[in-house]
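# Survey of secondary and tertiary structure
So the chains spell out like this:
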Amino acid sequence: MLEVPVYVITGFLESGKTTFIREVLASPDFADGERTLLLLCEEGEEEYDEEDLRRHNIYIERVENEADLTADYMESLQKKHKPERVFIEFNGTWDSMKFCSSDWAKRWEMAQVITLVDGSTFEVYLQNMRQMMSNIFMYTELVIFNRCSPDQDLQKFRRTVKAVNTQAVCSFEDAEGEVIDIGKAQPPFDLSQDPIVIPDEEFGLWYLDALDNRERYDGKTVEFRGKVMIPRKFPENAFIPGRNCMTCCANDIRFMGFICHSKYTDRLKQKQWLDVTAQVRYEFVPEYEGTGPVLYARHLKSAEPPAEDTVLFN
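This structure is a prediction, so every number in the text was calculated from the model and none was measured.

### Examining the sheet that holds strand β6 (residues 142-148)
One open sheet accounts for seven strands, arranged β3-β2-β4-β1-β5-β6-β7; its pairing is parallel. Every other strand in the sheet has two partners, leaving β3 (58-62) and β7 (169-174) as the edge strands with one partner each. For this sheet the average axis-to-axis angle between neighbouring strands, irrespective of direction, equals 20 degrees. Helix α7 (residues 130-138) contacts β1 (5-10), β5 (109-118) and β6 of the sheet and is inclined by roughly 145 degrees relative to β5.

### Some points on the environment of Ile88
Among the structural elements, Ile88 can be located in strand β4 (residues 85-89). Separated by 53 residues in the primary sequence, Ile88 and Arg35 have C-alpha atoms spaced 14 Å apart.

### Quick notes on the nonpolar core
Phe189, Trp206, Tyr217, Val222, Phe224 and Leu295 are the most contacted members of the largest nonpolar core, which has 26 residues in total. Those elements that place two or more of their residues in this core are α9 (203-212), β9 (221-229), β10 (238-246) and β13 (273-285).

### Quick notes on the pattern of salt bridges
Once the charged atoms of two side chains with opposite charge are near each other, the side chains can pair. Under the criterion given, the structure shown has 14 salt bridges. Three or more residues are tied together by salt bridges with common partners; here these are Asp32, Glu34 and Arg85.

### Quick word on the state of the cysteines
Summed over all chains, the structure comprises zero disulfides. Between Cys260, a free cysteine, and Cys245, which holds the nearest cysteine sulfur, the sulfur-to-sulfur gap is 16 Å. On the basis of relative accessibility, which here comes to 0%, the residue Cys260 falls in the buried class.

### A few points about the packing of helix α8 (residues 154-164) against α9
The N-to-C vectors of α8 and α9 enclose an angle of 85 degrees; their axes lie 10 Å apart at closest approach. Of the possible angle classes, the one that applies to α8 and α9 is roughly perpendicular. Counting all contacts with α8, which are made through Arg158, Arg159, Lys162 and Ala163, the residues of α9 involved are Leu205, Leu208 and Asp212.

### Here's the deal with the packing of aromatic side chains
One pass over the full model with this rule turns up 15 aromatic pairs. An angle of 85 degrees between the planes, with centres 5.5 Å apart, marks the rings of Tyr7 and Phe30 as edge-to-face. Placement of the pair is Tyr7 in strand β1 and Phe30 in the loop between α1 (17-26) and β2 (36-40), with a sequence separation of 23 residues. An identical accessibility class is assigned to Tyr7 and Phe30; each is buried. Between Phe30 and Phe87, the ring centres sit 5.4 Å apart and the planes meet at 75 degrees, which makes this aromatic pair edge-to-face. With Phe30 in the loop between α1 and β2 and Phe87 in strand β4, the pair connects residues that are 57 residues apart, well separated along the chain. In this structure, Phe30 and Phe87 share a single accessibility class: buried. An aromatic cluster is present here, built from Phe122, Phe137, Phe145, Phe157 and Phe172 joined pairwise through their rings. Of note, Arg281 hangs over the ring of Tyr296, and the distance from its end group to the ring centre comes to 4.0 Å.

### A look at the side chain of Gln272
Along the polypeptide, Gln272 turns up in the loop between β12 (260-261) and β13. Within polar-contact distance, the side chain of Gln272 engages the backbone nitrogen of Lys269 at 3.0 Å. Dropping the residues within four chain positions of it, Gln272 is found in contact with Gly226, Lys227, Val228, Arg267 and Ser302.

### Examining the environment of Asn135
Along the polypeptide, Asn135 turns up in helix α7. The spacing of Asn135 and Arg22 is 113 residues in sequence and 25 Å in space, taken between C-alpha atoms. Sequence-distant contacts of Asn135, defined by excluding residues within four places in its chain, comprise Ser96 and Met97.

### Brief notes about the pairing of β3
Each regular strand carries side chains that alternate between the two faces of the sheet. Pairing of β2 with β3 involves five bridges; the strand directions are parallel. Bridge pairing links Leu38 to Ile60 in β3. Note on the crossover from β2 through helix α2 (residues 50-55) to β3: the handedness is right-handed.

### Some points on unusual backbone geometry
Geometrically, the link from Asp194 to Pro195 is a cis peptide bond, its omega value of 5 degrees lying close to zero. By secondary structure assignment, the location of Pro195 is in the loop between β7 and β8 (196-197). The backbone of Glu14 shows a phi angle near 65 degrees, a positive value even though the residue is not glycine. Mapped onto the elements, Glu14 comes out in the loop between β1 and α1. A positive phi angle, near 60 degrees, is found at Asn237, a position not held by glycine. Structurally, Asn237 is set in the loop between β9 and β10.

Definitions and cut-offs
Residues numbered from 1 in each chain as written. Predicted model: local features only at pLDDT ≥ 70, side-chain atom pairs only at ≥ 80, totals over all residues. Heavy atoms only, no water. Pairing = 2+ DSSP bridges. Helix = DSSP H or I, 4+ residues; strand = E, 2+ residues; numbered from the N terminus. Axes fitted to C-alpha atoms, helices over the stretch in contact; angles between N-to-C directions. Contact = heavy atoms within 4.5 Å. Core = buried A, V, L, I, M, F, W, Y, C linked by side-chain atoms within 4.5 Å. Buried < 20%, exposed > 50% of the residue type's maximum accessible area, 1.4 Å probe, protein only. Salt bridge = Lys/Arg side-chain N within 4 Å of Asp/Glu carboxyl O. Disulfide = S-S within 2.5 Å. Parallel < 35°, antiparallel > 145°, perpendicular 65-115°, else oblique. Phe/Tyr/Trp six-rings, centres within 6.5 Å; stacked < 30°, edge-to-face > 60°. Lys NZ or Arg CZ within 6 Å of the ring centre and 35° of its normal. Polar contact = N/O pair within 3.5 Å; in protein donor to acceptor, adjacent residues only side chain to side chain. Right-handed = clockwise from strand over helix to strand, strands pointing away.

Given below as structure tokens:
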């Protein structure tokens, strides 16, 4: 099995993958003569100059069918080319979740997964292929939205990605390739309040905002309505007050919330609704696999279920 760094570049046809890879391979960081295998899983209008690539020790192989991406096939390419690194121009209509989570892919040194998105057609794709786009975002580390316009709701683009993958970084470029700085969106609730009151319909937006903007919430008190979930083998005196959140479609509803510490946890019932008043702190938590918001309850009160149990991220 391959033991070299593998860079996966994914996205739909004409999203700019070929142009991006050509620029990367020509950059000082990669134009160093290392033997490189470039695996093409689809071909658009843009093409590679294979003769020029070979002069730079870069060799192309083509994969026509998703089923051909097997461990045996990759091992055969390893023996044939003996690459020091691999770039994969992945077909955006293929199952990237299955590819990135497969047992044999996990044994590679997956250096980076980058997704290219044509910002001018993103909303159309989102309306018609939302589940497929969510699968693409699930394992990516960087999403580059190109061909964007400053008058588009780029904060919504970013929330769409974050709803699926909170760790993904989003970058935006205009039609000329210039970076667009979208800044930080101001949430539709008053951050100067004490406590900060989170409306029912804005829980999903607050959840994402709290993950990204520690400076806004660290040490602050928030108030919101949430449903109780107490996972098995959870820390003593801790539970999760949260909501069912729909990220793409009815088949992709997930319970989301932050760990909350309370000495009254043993009195709570699963799926009970509460009005929660809690202080937000940022701590390392094994369940988060990193640092994130942790709630410390100041007041818990039984509450009626909201009109809508499930909230949308967008």
